[in-house]
Amino acid sequence: MKKLLYTLVLVPLMMVAQTNENLVIENVMLTVKPDKIAEFEAGIAAHNKKFHASGPYGARVYTILNGKNAGKYMLIMGPLPWSAMDGRPASKEHTDDNNKNINQYIESEVEVNYMKMHPDLSNFSKDFEINKVSVFMIDIKRFKDMDFMEKVVNKVVKMYKEKMPDQIYGIYTNEMPNMDGMDFAWVDFFDNSSWMAKDDTFMQDFEDVHGAGSFQQFIKDVEATTDGDKGEIWSLRKDLSGPDAKVIALERK
């Protein structure tokens, strides 16, 4: 977000204060026609700079680097409370620009998800700049949401706090029923791809925090509450985004 401009820092916070609502992020996955990529990128870059440059309606664009969605674009608007959705840019000028410079270049299938932020579980303890994100998505079994959060997520959060206090991450849950396995998302933010090559010490760290043998019970709890998972790496396209890469910690709390 644009550094320390009052409209960026105060407006989202004032909205939350007035409505006492949780913040959500709108995720829109777009598939671009292969022969129209240049036109799409030029159009969405200009559109976001004009209509989604800052504040709660600021929109960032990522490219998905792996998996079945590789090559697609993820447009993320927010965070903002639900009550602010009705005030999103919707003028005729905005709609015409969107239709002319974006919609005509994308395929008909568009996936939209509204992800609720959990700042009490996340770690946005310092300002940072977005570069790449590791998005770990989990399909939660029906009626197992509370067990999953208590027996799985809370324990991993405790481990992160003790073993990786400087790691910036966000925890999100889908606001709507979802049949595609995106009920829950753990998002790690990192700068360089070398982050992916770090030694995997999850089991050791988990048992250091929760006690010897605790990891086996953790695996059983994961199996009992989930139906699968998948991971994607997204890379921020600063050139296509409205706000810059800066994220103010205060806005995410």
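Here the structure is a predicted model, which means the values were calculated and not measured.

Colleague: Describe in detail the side chain of T225, supporting the description with residues and values.
Modeller: Relative to the assigned elements, T225 resides in helix 6 (residues 214-225). Not counting the four nearest positions on each side in its chain, T225 is found in contact with I140, K141, K144, D147, F148 and V152.

Colleague: I'd like to hear about helix 4 (residues 145-163), residue by residue, with values.
Modeller: Residues spaced three or four apart along an α-helix face the same direction, because each turn holds 3.6 residues. The terminal C-alpha atoms of helix 4 lie 26 Å apart, and with 19 residues this matches the ideal 27 Å at 1.5 Å per residue to within 8%. Of all the bends in helix 4, the greatest, near 30°, is centred on V153. When we look at burial in helix 4, the residues that qualify are F148, M149, V152, V153, V156, V157, M159 and Y160. Of the surrounding elements, those touching the buried residues of helix 4 are strand 6 (132-140), strand 7 (169-174), strand 8 (184-190), helix 5 (202-210), helix 6 and strand 9 (226-236).

Colleague: Can you tell me about the sheet that holds strand 8, naming the residues and giving the values?
Modeller: Within the closed barrel, the eight strands sit side by side as 1-3-2-9-6-8-7-4. Their pairing is antiparallel. The sheet shows a mean angle of 35° between the axes of neighbouring strands, taken without regard to direction. The pairing of strand 2 (residues 59-64) with strand 9 spans three bridges and is classified as antiparallel. Among the inter-strand pairings, Y62 is bridged to a residue of strand 9, identified as L236. Helix-sheet contacts for helix 4 involve strand 6, strand 7, strand 8 and strand 9, and the interaxial angle to strand 8 is about 15°.

Rules used throughout
Residues numbered from 1 in each chain as written. Predicted model: local features only at pLDDT ≥ 70, side-chain atom pairs only at ≥ 80, totals over all residues. Heavy atoms only, no water. Helix = DSSP H or I, 4+ residues; strand = E, 2+ residues; numbered from the N terminus. Contact = heavy atoms within 4.5 Å. Expected span 1.5 Å × (residues − 1). Bend = angle between axes of the 7 residues up to and from the residue. Buried < 20%, exposed > 50% of the residue type's maximum accessible area, 1.4 Å probe, protein only. Pairing = 2+ DSSP bridges. Axes fitted to C-alpha atoms, helices over the stretch in contact; angles between N-to-C directions.

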